[in-house]
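In case you want the letters, here they are:
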Amino acid sequence: MRFDRRADLEQLRKRIAKDIEAQAADARGLFITLAPGQDTVYRLKGQEALSIVADRQQGVNVPDGETPHITAEAAEDGVSRFEKAIEILARDQHWTNAAMMIESLRRSAKAALAAAATAPEIRAAAVIDWRDVRAYAQT
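This structure is a prediction, so every number in the text was calculated from the model and none was measured. (Residues numbered from 1 in each chain as written. Predicted model: local features only at pLDDT ≥ 70, side-chain atom pairs only at ≥ 80, totals over all residues. Heavy atoms only, no water.)

As for the overall build of the protein chain
Rule in force here: The way it works is that DSSP assigns letters per residue, a run of H or I at least four long becomes a helix, a run of E at least two long becomes a strand, and they are numbered from the N terminus. With a 1.4 Å probe rolled over the protein chains alone, any residue whose accessible area is under 20% of its type maximum counts as buried; one over 50% counts as exposed, and the rest are partly exposed. Contact between two residues is taken to exist if any of their heavy atoms lie within 4.5 Å; hydrogens are not considered. Counted as positive: Lys and Arg. Counted as negative: Asp and Glu. His and the chain ends are not counted at all. Note that the charge is assigned to NZ on lysines, CZ on arginines, CG on aspartates and CD on glutamates.
Looking only at helices and strands, the protein chain features six helices and zero strands. Counting from the amino terminus, the protein chain carries its helices and strands in the arrangement α-α-α-α-α-α. Expressed as lengths along the three principal axes of its C-alpha atoms, the size of the protein chain is roughly 70 × 25 × 25 Å. Counting only residues that meet the buried cut, the protein chain has 30% of its 139 residues in that class. Look at the contacts in the protein chain between residues 6 or more apart in sequence, and 64% of them connect residues 24 or more apart. Taking the average location of the 20 positive side-chain charges in the protein chain and that of its 21 negative ones, the two points are 11 Å from each other.

Some details on helix 1 (residues 6-28)
As a reminder of what qualifies: Expected span of a helix, by definition, is 1.5 Å for each gap between consecutive residues, and there is one gap fewer than residues.
Over its 23 residues, helix 1 extends 33 Å from the first C-alpha to the last, a length consistent with the 33 Å expected when each residue adds 1.5 Å. On its buried face, helix 1 sits against helix 4 (81-115), helix 5 (119-125) and helix 6 (131-137).

Digging into the packing of aromatic side chains
The test is simple: Aromatic pairing here means that ring centres of Phe, Tyr or Trp (its six-membered ring) are within 6.5 Å. Orientation follows from the plane angle: under 30 degrees is stacked, over 60 is edge-to-face, and everything else is tilted.
Scanning all chains against the criterion turns up two aromatic pairs. Between F31 and W95 the ring centres are 6.2 Å apart and the planes differ by 40 degrees, which places this aromatic pair in the tilted class. Separated by 64 residues along the polypeptide, F31 in the loop between helix 1 and helix 2 (38-54) and W95 in helix 4 bring together distant segments of the chain. The class for F31 is buried, based on a relative accessible area of 17%. Consider the rings of F31 and Y136, whose centres lie 6.1 Å apart with planes at 35 degrees: the pair is tilted. With F31 in the loop between helix 1 and helix 2 and Y136 in helix 6, this residue pair connects regions lying 105 residues apart in the sequence.

Pasting the structure below:
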């Protein structure tokens, strides 16, 4: 099929833009739970973890009621709240690094899409090399 008309190219461009976003979402799913609201839980856990590690006595001076997520998880896992806080902060850092990688690839693909003038160039914008992201997810 030939894409000579501007409308055809714009339809293709819209479809490819959605594909790029879907690929980025799939990549994010390698690192985080994509369920609605889960990002809020991650943020709350991160805040709780920071309050625990900020305490000079490894969270002893932070009441359990101020860290409900970490308190529950630490008890379930049989570790201290401090150990759980360190684990959460390490996981947060891993996700932050991954998010930067994913966003860089997504934005590059979007830039290629914006610059594309032909149907083959538009389709090529959606060919994203996610190998480094997948490898990082295994670390």
